[in-house]
Amino acid sequence: MSARVTLYGRPGCHLCDDARAVIAAVCAELGEEWVEVSIDDDPALADKFAHEIPVTFVDGKQHDFWRVSPERLRRALRP
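Keep in mind it's a predicted model, so treat the numbers as computed, not measured.

## Points about the overall build of the chain
What the chain contains, in helices and strands, is 3 helices and 4 strands. Mapped in sequence order, the helices and strands of the chain form the string β-α-β-α-β-β-α. Taking 79 residues into account, the globule formula puts the C-alpha radius of gyration at 12 Å, and the chain, at 12 Å, falls close to it. Across its three principal directions, the C-alpha atoms of the chain cover 35 × 25 × 15 Å. Total accessible area on the chain is roughly 4700 Å²; 53% of this is exposed by carbon and sulfur atoms. Counting 10 positive and 14 negative side-chain charges, the chain places the averaged centre of each group 7 Å from the other.

## Let's talk about the packing of helix α1 (residues 14–30) against helix α3 (residues 70–77)
Orientation of α1 relative to α3, taken along the N-to-C sense of each, is 40°, at an axis distance of 10 Å. What the angle tells us is that α1 and α3 run oblique. When you trace α1 past α3, the crossing you get is right-handed. In this structure, α1 contributes Val-22, Ile-23, Val-26, Cys-27, Glu-29 and Leu-30 to the contact, and α3 contributes Pro-70, Leu-73, Arg-74 and Leu-77. Looking at the contact of α1 with α3, its residues break down into 8 nonpolar, no polar and 2 charged.

## Comments concerning the pairing of strand β3 (residues 55–58)
Alternating positions in β3 separate into two faces, Val-55 and Phe-57 on one and Thr-56 and Val-58 on the other, with burial throughout. Both strand β1 (residues 5–9) and β3 contribute to a ladder of 4 bridges, which runs antiparallel. Note on β3: the bridge partner recorded for Tyr-8 is Val-55. Where β3 folds back on strand β4 (residues 61–65), the antiparallel hairpin that results is connected by 2 residues, among which Asp-59 adopts a positive phi of roughly 55°.

Here is what the cut-offs are and how they apply
- Residues numbered from 1 in each chain as written.
- Predicted model: local features only at pLDDT ≥ 70, side-chain atom pairs only at ≥ 80, totals over all residues.
- Heavy atoms only, no water.
- Helix = DSSP H or I, 4+ residues; strand = E, 2+ residues; numbered from the N terminus.
- Rg over C-alpha atoms; globule rule 2.2 N^0.38 Å.
- Areas by Shrake-Rupley, 256 points an atom, 1.4 Å probe, with all protein chains shown as cover.
- Lys, Arg positive; Asp, Glu negative; His and termini not counted.
- Charge placed at Lys NZ, Arg CZ, Asp CG, Glu CD.
- Axes fitted to C-alpha atoms, helices over the stretch in contact; angles between N-to-C directions.
- Parallel < 35°, antiparallel > 145°, perpendicular 65-115°, else oblique.
- Left-handed = near helix turned anticlockwise from the far one by under 90°.
- Contact = heavy atoms within 4.5 Å.
- Nonpolar A, V, L, I, M, F, W, Y, C, P; charged D, E, K, R; others polar.
- Buried < 20%, exposed > 50% of the residue type's maximum accessible area, 1.4 Å probe, protein only.
- Pairing = 2+ DSSP bridges.

Structure, rendered in structure tokens:
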């Protein structure tokens, strides 16, 4: 199973910590996989997302930035 949710963030980002907790809880509840990517590891991602992190993608499309709504994420992950 491949991850449906990708969280782009960076270490030490308190909003990323908040987003990570929401994503982990919702994905565990729904049995979905998720991955986290540090924008610090890729200059192109750092340029693209530096002022929007955390950025959440669902099924390859941008879903949220700055804050993650658990209700909105659940809706996006349900069939």
